[in-house]
Amino acid sequence: MYDKLIDLLDAEGANYRVLDHAPEGRTDLVSELRGNALAQAAKCVVVMVKIGKRARRHVLAVVPGDRRVDLAGLKHLLGGSYAAFAPQDVAEALAGSASGTILPFTWHPDLELIVDPALVEQDELYFNAARLDRSIALSANDYVAITRPRFERIAEAGSTP
């Protein structure tokens, strides 16, 4: 997945930097290693929302690192009856990388990208690059141009998931 990401960024002419650091997947700790503000970190969480009795939707929720995903808000936004963090195996299968290294990009047709607009108020975003020991610093404008995400207010105060 790392190579796929770099290929995409290069193909799009994105303004980015690769940062090597000690292995870490927790947003607050890896932000210290990289030297970025928590608000610049793209925290990526896969959420499962039940729609009716049998249907489910999976969302890649991307919020600033100093906030957490508003599960109730996502449930309401998608007209669901229940929302929770997706089981780790499901999240990793949909995202294509291990927990703690999930990218703020989606290539899986069953994983919808929703980004909190507060994230792109920063000039540059930081995220683990599908590896615990390497991160990307990416221009926020380039991120938006490449991903064309759905923007919704899905973050609430607090720095837990």
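See above for the structure.
Residues numbered from 1 in each chain as written. Predicted model: local features only at pLDDT ≥ 70, side-chain atom pairs only at ≥ 80, totals over all residues. Heavy atoms only, no water.

Colleague: So what about the pairing of strand β8 (residues 134–139)? Which residues, and what values?
Modeller: Counted residue by residue, β8 has 6 buried out of 6 residues, so it is predominantly covered. Alternating positions in β8 separate into two faces, Arg134, Ile136 and Leu138 on one and Ser135, Ala137 and Ser139 on the other, with burial throughout. Judged from the 5 bridges that link them, strand β1 (residues 16–20) and β8 form a sheet pairing that is antiparallel. Note on β8: the bridge partner recorded for Val18 is Ile136. By the bridge criterion, 5 bridges tie strand β7 (residues 124–128) to β8 in an arrangement that is antiparallel. (Buried < 20%, exposed > 50% of the residue type's maximum accessible area, 1.4 Å probe, protein only. Helix = DSSP H or I, 4+ residues; strand = E, 2+ residues; numbered from the N terminus. Pairing = 2+ DSSP bridges.)

Colleague: Can you lay out the packing of aromatic side chains for me, pointing to particular residues and giving the numbers?
Modeller: The final tally for this structure, using the stated rule, is 3 aromatic pairs. Ring geometry for Phe105 and Tyr143: centres 5.4 Å apart, planes at 85°, overall edge-to-face. Remark: Tyr143 occurs in helix α5 (residues 140–147) and Phe105 occurs in the loop between α4 (88–95) and β6 (111–115); sequence separation between them is 38 residues. Classification of Phe105 by relative accessible area gives buried; the value is 5%. Clustering of aromatic rings is evident, with ring pairs tying together Phe105, Trp107, Phe127 and Tyr143. (Phe/Tyr/Trp six-rings, centres within 6.5 Å; stacked < 30°, edge-to-face > 60°.)

Colleague: Tell me about the sheet that holds strand β2 (residues 42–51), residues and numbers included.
Modeller: Sheet strands line up and pair through hydrogen bonds in the backbone, either parallel or antiparallel. With mixed pairing, 5 strands are arranged side by side in an open sheet as β5-β2-β3-β6-β9. Each edge of the open sheet carries a strand with a single partner, namely β5 (82–85) and β9 (150–151). Two strands pair when backbone bridges link them, and β2 and strand β3 (residues 55–64) are joined in this way by 10 bridges, in the antiparallel orientation. Bridge pairing in β3 places Ala42 opposite Pro64.

Colleague: Please provide a residue-by-residue account of the sheet that holds β7, values included.
Modeller: Sheet architecture is open: 3 strands sit in the order β1-β8-β7, paired in antiparallel fashion. Since the sheet does not close on itself, it has two edges, and those belong to β1 and β7, each with one partner. On average, each strand axis in the sheet is tilted by 20° relative to the strand beside it, whichever way the strands run. On the sheet, helix α2 (residues 27–34) packs against β1, β7 and β8 and is oriented at approximately 115° with respect to β7. (Axes fitted to C-alpha atoms, helices over the stretch in contact; angles between N-to-C directions. Contact = heavy atoms within 4.5 Å.)

Colleague: Tell me about the pattern of salt bridges, residues and numbers included.
Modeller: As enumerated under the stated definition, the model contains 8 salt bridges in all. Arg68 is the partner of Glu156 in a salt bridge, and the nearest nitrogen-oxygen pair spans 3.0 Å. Here Glu156, found in strand β10 (residues 155–157), pairs with Arg68, found in strand β4 (residues 67–69); they are 88 residues apart in sequence, far enough to count as distant. Overall, the relative accessible area of 29% leaves Glu156 in the partly exposed class. With a shortest N-O distance of 3.0 Å, Glu112 and Arg150 are connected by a salt bridge. (Salt bridge = Lys/Arg side-chain N within 4 Å of Asp/Glu carboxyl O.)

Colleague: Go over the nonpolar core with me, naming the residues and quoting the values.
Modeller: Among the nonpolar cores identified, the biggest contains 32 residues, and Leu9, Val62, Phe105, Ile136 and Leu138 are the most heavily contacted of them. For this core, the secondary structure elements donating two or more residues are α1 (2–11), β2, β3, α4, β6, β7, β8 and α5. Dropping the residues within four chain positions of it, Ile136 is found in contact with Leu5, Ile6, Leu9, Tyr16, Arg17, Val18, Leu125, Tyr126, Phe127 and Ala129. Membership of the second largest hydrophobic core comes to 13 residues, among which are Val45, Val49, Leu74 and Ile154. (Core = buried A, V, L, I, M, F, W, Y, C linked by side-chain atoms within 4.5 Å.)

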